[in-house]
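What follows is the residue order along each chain.
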Amino acid sequence: MSDAFETLGVSRRFTLNPQELEQRHRDLSRALHPDRHVSAAPAERRVAMERAIAVNDAFRTLRDPLARALALLKLRGVTIEEGERASPALLMEIMELREELESARGKSEKIARLRGDVSAHIEREHRALADALDRDGEVDKTTLARAREAAVKLKYLRRFE
């Protein structure tokens, strides 16, 4: 079974060009469209349909930075369970953000500033993921741990956003 990167024929990197990714998806979708396989044998039509579904699933994974990071981590043997708790420091940080949001209710300038702060934090986590996951060759355990931590932070920040 191939992974999302292999399915779309793109590099196993966190940093991907969104336009190139979309073009690759569009090209593969066009080639695998059921209308192009109407006269094929039933088995060939089924294979084309299965590949089209895999291409769509891969695109959904790779166009989302968090899902892409999780896929890359999984390829390196690192998983983050759905119900897994974050570190106490991160939970405290999110709690403080929630309190800040509550105190900003009805104050558009404060909300805009908070939105900017969260967006900047998300960008920092994207950079941390790129630094850790865009390396060629073997990635050491410390780097993978940092990438895992950045992915968990990103998960919580996106939920807050």
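Thresholds, definitions, all that
Residues numbered from 1 in each chain as written. Predicted model: local features only at pLDDT ≥ 70, side-chain atom pairs only at ≥ 80, totals over all residues. Heavy atoms only, no water. Helix = DSSP H or I, 4+ residues; strand = E, 2+ residues; numbered from the N terminus. Rg over C-alpha atoms; globule rule 2.2 N^0.38 Å. Buried < 20%, exposed > 50% of the residue type's maximum accessible area, 1.4 Å probe, protein only. Areas by Shrake-Rupley, 256 points an atom, 1.4 Å probe, with all protein chains shown as cover. Lys, Arg positive; Asp, Glu negative; His and termini not counted. Charge placed at Lys NZ, Arg CZ, Asp CG, Glu CD. Core = buried A, V, L, I, M, F, W, Y, C linked by side-chain atoms within 4.5 Å. Contact = heavy atoms within 4.5 Å. Salt bridge = Lys/Arg side-chain N within 4 Å of Asp/Glu carboxyl O. Phe/Tyr/Trp six-rings, centres within 6.5 Å; stacked < 30°, edge-to-face > 60°. Lys NZ or Arg CZ within 6 Å of the ring centre and 35° of its normal. Axes fitted to C-alpha atoms, helices over the stretch in contact; angles between N-to-C directions. Parallel < 35°, antiparallel > 145°, perpendicular 65-115°, else oblique. Left-handed = near helix turned anticlockwise from the far one by under 90°. Nonpolar A, V, L, I, M, F, W, Y, C, P; charged D, E, K, R; others polar. Expected span 1.5 Å × (residues − 1).

Engineer: Honestly, the overall build of the protein in this entry has me stumped. Any pointers?
Structural biologist: The helix and strand inventory of the protein stands at seven helices and zero strands. Taken from N to C terminus, the helices and strands of the protein fall in the order α-α-α-α-α-α-α. For 161 residues, the compact-globule estimate of 2.2 N^0.38 gives 15 Å, and the C-alpha radius of gyration of the protein, at 20 Å, exceeds that figure by more than 25%. Across its three principal directions, the C-alpha atoms of the protein cover 65 × 40 × 30 Å. Residue burial in the protein is summarised as follows: out of 161 residues, 35% are buried. When the accessible surface of the protein is totalled, it reaches about 10,500 Å², and 51% of it is carbon and sulfur. The average position of the 31 basic charges and that of the 29 acidic charges among the side chains of the protein differ by 2 Å.

Engineer: When you look at the nonpolar core in this model, what are you seeing that I'm missing?
Structural biologist: A general trend in soluble globular proteins is that nonpolar side chains are found buried together. L8, F14, L62, L73, L97, L129 and L133 are the most contacted members of the largest nonpolar core, which has 41 residues in total. Of all the secondary-structure elements, those providing two or more residues to this core are α1 (4-8), α2 (18-32), α3 (42-63), α4 (65-75), α5 (88-104), α6 (108-133) and α7 (141-160). Broken down by element, the residue count for this core peaks at nine residues, all from α7. Apart from residues no more than four positions distant in its own chain, F14 is found in contact with P65, R68, A69, L72, H126, L129, A130, L133 and D134.

Engineer: How should the side chain of E125 be read in this particular structure?
Structural biologist: With respect to the helices, strands and loops of the structure, E125 is situated in helix α6. Buried charge E125 goes without a salt bridge, the closest partner of opposite sign being K153 at 4.2 Å. Each residue touching E125, except ones within four places of it in the same chain, is listed here: A150, K153, L154 and L157.

Engineer: What is the right way to read the pattern of salt bridges from this model?
Structural biologist: Opposite charge on two side chains makes pairing possible when the charged atoms of those side chains draw close. If you walk through the whole model with that rule in mind, you get 13 salt bridges. We note a salt bridge from D3 to R12, for which the minimum N-O separation is 2.2 Å. Residue R26 is joined to E22 by a salt bridge in which the shortest nitrogen-to-oxygen separation is 3.5 Å. With R26 and E22 both in helix α2 and four residues apart, the pair spans about one turn of that helix. On the basis of relative accessibility, which here comes to 36%, the residue R26 falls in the partly exposed class. Residue classification places E22 among the partly exposed residues on the basis of a relative accessible area of 40%.

Engineer: So what exactly am I meant to see when it comes to the packing of aromatic side chains here?
Structural biologist: For any pair of aromatic rings, geometry is given as the distance between the ring centres together with the angle between the planes. Inspection of the entire model under this criterion finds zero aromatic pairs. Over the aromatic face of F14 sits the side chain of R68, whose NZ or CZ is 4.9 Å from the ring centroid. Its guanidinium or amino end placed over the ring of Y156, R159 lies 5.2 Å from that ring's centre, counting from NZ or CZ.

Engineer: Looking at this model, I keep getting lost on the packing of α4 against α7. Mind explaining?
Structural biologist: The angle between the axes and the distance between the axes are what describe a pair of packed helices. Orientation of α4 relative to α7, taken along the N-to-C sense of each, is 150 degrees, at an axis distance of 10 Å. When the axis of α4 is compared with that of α7, the two are roughly antiparallel. For the pair α4 and α7, the crossing hand works out as left-handed. Packed against α4, whose contacting residues are P65, L66, L70 and L73, the element α7 presents L144, A147, R148, A151, L154, K155 and R158 at the interface. By residue class, the composition of the contact of α4 with α7 is eight nonpolar, no polar and three charged.

Engineer: Looking at this model, I keep getting lost on α6. Mind explaining?
Structural biologist: Since the α-helix packs 3.6 residues into each turn, any two residues three or four apart lie on the same face. Spanning 26 residues, α6 covers 37 Å between terminal C-alpha atoms, matching the ideal 38 Å at 1.5 Å per step. Buried residues along α6 sit against α4, α5 and α7.

Engineer: What's the story with the packing of α6 against α7 in this structure? I'm lost.
Structural biologist: It is the contact of α6 with α7, at a shortest axis distance of 9 Å, that shows an interaxial angle of 155 degrees. In terms of orientation, α6 lies roughly antiparallel with respect to α7. Of the two elements, α6 crosses α7, and the hand of that crossing is left-handed. For the pair α6 and α7, contact is made by L114, V118, H121, I122, E125, H126, A128, L129, A132 and L133 and by T143, A147, A150, A151, K153, L154, L157, R158 and F160, respectively.

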